[in-house]
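# Overview (structure and organization)
Next come the chains, spelled out residue by residue.
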Amino acid sequence: MIIGSVIVITVIAIALLAPLMAPHDPYHQDLMRRLVPPVWDSRGSWEHILGTDHLGRDYLSRLIYGARISLLIGIGAAVISGIIGTFMGVMAGYFGGRVDMVVTFLITVRLSMPVVLVALAVVAIVGGSLQVVVTVLGLLLWDRFAVVMRSSTLQIRSMDYVAAARAVGCSTSRVLIAEVMPNVVNNLIVITTIEIAHAIILEAALSFLGLGVQPPLPSWGLMVSEGKDMMLFEPWLITIPGVALFMLVLAINLMGDGVRDITAPENRN
Amino acid sequence: MSDVMINASNVTRNFSISRGMFRGKKTLRAVNGVNLTVKRGEVLALVGESGCGKTTLAKILLGLLPQTAGSITLCGKPINEVPRLELARLVQPIFQDPYSSLNPRKSIGSIIGLPMHVQGVEDSHAIRRQVETTMDLVGLPSRLFGSYPNQLSGGQRQRVAIARALVNRPQVIVCDEPTSALDVSVQSQILNLLSDLRKELNLTYIIISHNLAVVEHIATRVAVMYLGRLVEEAKTTELFARPQHPYTVALLESVLTPEPSLGIPNTQLGASYPNPIDPPNGCAFHPRCARAMPQCSTQAPNGTRLGQAFVECHLYGDESH
Ligand SMILES: Nc1ncnc2c1ncn2[C@@H]1O[C@H](COP(=O)(O)OP(=O)(O)O)[C@@H](O)[C@H]1O
Ligand SMILES: [Mg+2]
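Right, let's walk through the structure included here. Since the structure is predicted, the reported quantities are computational estimates derived from the model, not experimental observations.

### Focus: the environment of A:L117
Residue and element names in this part refer to chain A. Among the secondary structure elements, L117 is positioned in helix α5 (residues 115-126). Of the residues examined, L117 reaches a relative accessible area of 56% and is grouped as exposed. Placed 60 residues apart in sequence, L117 and R57 show a C-alpha to C-alpha distance of 32 Å.

### Focus on the interface of chain A and chain B
Taken together, the contacts link 24 residues of chain A with 25 residues of chain B. Interface area, chain A with chain B, both sides summed: about 2,100 Å², of which 53% is carbon and sulfur. Taken together, the links from chain A to chain B amount to 1 salt bridge. B:K106 serves as the salt-bridge partner of A:E179, at 2.7 Å between the closest nitrogen and oxygen. Elements supplying a minimum of two residues to the side of chain A that touches chain B: α8 (160-167) and α9 (172-208) of chain A. The dominant element in the side of chain A that touches chain B, judged by the number of residues it contributes, is α8(A), at 7 residues. Taken together, the residues that form the side of chain A that touches chain B break down as 12 nonpolar, 6 polar and 6 charged.

### Remarks on the pattern of salt bridges
Overall, the coordinates contain 13 salt bridges over all chains when judged by the stated rule. Among the charged side chains, a salt-bridge network with shared partners connects B:E42, B:R221 and B:E233.

### Quick word on the nonpolar core
Membership of the largest hydrophobic core comes to 56 residues, with the highest contact counts inside it found for B:I112, B:I162 and B:V222. When sequence neighbours within four positions are dropped, the list of residues in contact with B:I112 reads B:V131, B:M135, B:L140, B:V160, B:A163, B:R164 and B:V167. Among the nonpolar cores identified, the runner-up in size contains 36 residues, and A:A164, B:L65, B:A223 and B:L230 belong to it.

### Quick notes on helix α4 (residues 97-111) of chain A
Residues and elements named next belong to chain A. Between the first and last C-alpha of α4 there are 21 Å, a value that for 15 residues agrees with the 21 Å anticipated at 1.5 Å per step. Considered for burial, the residues of α4 that qualify are D100, V103, I107 and R110. With its buried residues spanning 90 degrees around the axis, α4 presents them on a single face. Of the exposed residues in α4, those oriented more than 90 degrees away from the buried face are G97, R98, M101, V102 and F105. Check the buried side of α4 and you find it contacts α3 (59-95), α5, α6 (130-140) and α7 (143-157).

Quick notes on the rules
- Residues numbered from 1 in each chain as written.
- Chains lettered and ligands numbered in written order.
- Predicted model: local features only at pLDDT ≥ 70, side-chain atom pairs only at ≥ 80, totals over all residues.
- Heavy atoms only, no water.
- Helix = DSSP H or I, 4+ residues; strand = E, 2+ residues; numbered from the N terminus.
- Buried < 20%, exposed > 50% of the residue type's maximum accessible area, 1.4 Å probe, protein only.
- Contact = heavy atoms within 4.5 Å.
- Buried area = accessible area lost by both parts, 1.4 Å probe.
- Salt bridge = Lys/Arg side-chain N within 4 Å of Asp/Glu carboxyl O.
- Nonpolar A, V, L, I, M, F, W, Y, C, P; charged D, E, K, R; others polar.
- Core = buried A, V, L, I, M, F, W, Y, C linked by side-chain atoms within 4.5 Å.
- Expected span 1.5 Å × (residues − 1).
- Arc of directions from axis to C-beta.

Below, the structure written as structure tokens:
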């Protein structure tokens, strides 16, 4: 939990302060100094701590700017899908009946679509860009939000404090916002972290397949993709962004579990 | 004559029960043609076995559940036409389980103050003052104002629920088994509190309970429900001294069993409680009735007035028609 938060906060800080942190321009090509290995290699130098890529761009700078892209896509997609899924799930859970039938049907439809294939198809048709990837992932990842919010709301709806709020004269929207939402929000946080991590991985996968964000943007998935041809002799080209991805996703998940434990009402004393 | 607070006539509530995909739906009559009149200052106890429709009736009286048929007036106004906020000022609930009736995310102060907020009171000092007055009234120390429900005991939580119900000084309180989720030692405290508050604030109560000792202690009148119908209604002293309906007789005998306070009374009625989806023909009670007659299984009894009381049984009244 603490390790997770430290890593996530560090990555967020790096992403926000990228222009200050990066030693070089991530787009500057120096064809004379291509594929310089990182500093721990005997051929490396302190000039390029993590080496350079096949176009001679500073790898550390690209990694730092890539954190921006990953977080932007992860958070953007999770926010869009969170709004869609929470709305649908809470409505279905609270009102039940027809509303629930429609939402359950939509969830089933959504679950029967393979995310990566649909995302690939859409990006292939409309073209890849940051906005397109965020939107497509946002429109595809709401199912878990809807499922979890539906079942949590179903559970809260039958609590007597909801009946008490209605008897006191609260409007339906007030009951939903003031009584139901605060009691499902810790589940929402956990799902949000899972989906941020999920979206980051999917972005990497799409970019790796050449259908995510487009070069020369420094996305971690794109970096792995660009490095894959040189994997044999310059393995750092893929291990560095790969490890960065792995650490970030792991840290987000750890942090989500921790936040859930902290926000549970039983822990308030 | 004291004024009528609640008048329910022929109130019915059906639930449609789905019995699997191909077997269609069945109607469950949770409340079936109930007539009730409650006057100001009375404490009407609603008793009956679990599943007989007490909670459903309470929810209808609170405006939380629409009735399928019949009409209810509250202080002379039809309950379905009274605006939401006005209804909330007239009638308030106290629920059985104080662990479920308080939002764990809200402080005690904001739980008790919510009814005032909802009624549009903006002045937070006024709200705080009124909340603290009400907390004092129900015996809660005002230092609990900023606490959260999980820091309170069951009895304190129930006091919070009572304070929330009373903060806007309603006329009628509907209590659905207000003590059955509490420790025995706390139950009588809460009952005494409810009694005191009634005198102090001139309240009218409808109290649901299957604990007859509680009922005898607090109620002025008792209504006995069986399978959605009111089978007997009388003054408390009258009902305990001279129960008329065989079901009431059986219920009262169960009080003499060793542990009367433990949940559902052991009515010592041979047959088990019937399935409410498929109620027996004639009088719904006849399969378990000690004094059943041939006509009981074919013909539903009509209600009969016996002075102040009411009973629905073939043993009483004029059955010649
Ligand atoms: N929402 C509902 N849907 C279907 N059946 C219900 C619902 N609420 C109550 N019932 C049924 O109505 C009957 C009366 O229930 P209830 O009023 O809770 O009884 P009590 O409070 O006397 O134990 C029961 O048979 C119960 O199963
Ligand atoms: Mg009940």
